[in-house]
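What follows is each chain in one-letter form.
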Amino acid sequence: MALRMWASSTANALKLSSSVSKSHLSPAFSISRCFSTVLEGLKYANSHEWVKHEGSVATIGITDHAQGHLGEVVFVELPEENVSKEKSFGAVESVKATSEISGEVIEVNKKLTDSPGLINSSPYEDGWMIKVKPSSPAELESLMGPKEYTKFCEEEDAAH
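Note that the structure is predicted; figures quoted are calculated from it, not measured. (Residues numbered from 1 in each chain as written. Predicted model: local features only at pLDDT ≥ 70, side-chain atom pairs only at ≥ 80, totals over all residues. Heavy atoms only, no water.)

Trainee: Summarise the pairing of strand S5 (residues 57-62); cite the residues concerned and give the values.
Mentor: With respect to burial, S5 is a largely interior element, five of its six residues being buried. Relative to S5, strand S4 (residues 49-54) is paired through six bridges, and the arrangement is antiparallel. By the bridge assignment, Trp 50 is partnered in S5 with Gly 61. Taking the residues between adjacent antiparallel strands as the criterion, S4 and S5 are bridged by two residues, where Gly 55 takes a positive phi near 60 degrees. One ladder, built from three bridges, connects S5 with strand S10 (residues 130-134); its direction is antiparallel. (Buried < 20%, exposed > 50% of the residue type's maximum accessible area, 1.4 Å probe, protein only. Helix = DSSP H or I, 4+ residues; strand = E, 2+ residues; numbered from the N terminus. Pairing = 2+ DSSP bridges.)

Trainee: Kindly report on the environment of Ala 97, identifying the contributing residues and their values.
Mentor: For Ala 97, the location among the structural elements is in strand S8 (residues 95-98). The residues touching Ala 97, leaving out its near neighbours within four places in the chain, are Glu 49, Lys 87, Ser 88, Phe 89, Gly 90 and Met 129. (Contact = heavy atoms within 4.5 Å.)

Trainee: Please set out the pattern of salt bridges residue by residue, giving values where relevant.
Mentor: Two side chains that carry opposite charge are able to pair once their charged atoms sit near each other. Tallied over the entire structure, the rule returns two salt bridges. Here Glu 54 ties to Lys 52 by a salt bridge, and the two come within 3.7 Å at their closest N and O atoms. Judged by its relative accessible area of 46%, Glu 54 falls in the partly exposed class. Between Lys 151 and Glu 155 there is a salt bridge; the shortest N-O distance is 3.8 Å. With a gap of four residues between them, Lys 151 and Glu 155 both fall in helix H5 (residues 146-159), about one helical turn apart. The partly exposed category is assigned to Glu 155, whose relative accessible area is 47%. (Salt bridge = Lys/Arg side-chain N within 4 Å of Asp/Glu carboxyl O.)

Encoded structure:
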């Protein structure tokens, strides 16, 4: 972990980045920062969850940045019922994921029960956590876009 944080800080200082293709998500572009990727077309919370809003459903997962700091994910616990904004909805290892929107959980990613490492290997695709029907779609407006989230992560990393 210390090596990963050093590498992240060093790459950040040197303005190094990597480009990762997420072809089936087909973003307009992605922003690669250090060793994590931020995708265009998603919204981001300062608690490091991403939200993909499609019609009446919001898919939620943990960002690439977060999974990188978590290390290997070995356990995931997800809800089967409603979630509320700023309330914990699940646990990844010993870290809790917090919902930034309220609504009815319409699907949980059951693959994570047997393969929690999908959060590490595919945080924006196969590693999604829950799908929610937002009770207040306006809550999505308070989330950050890709550029704002990238800046937030850089400032947070610099503070540590």
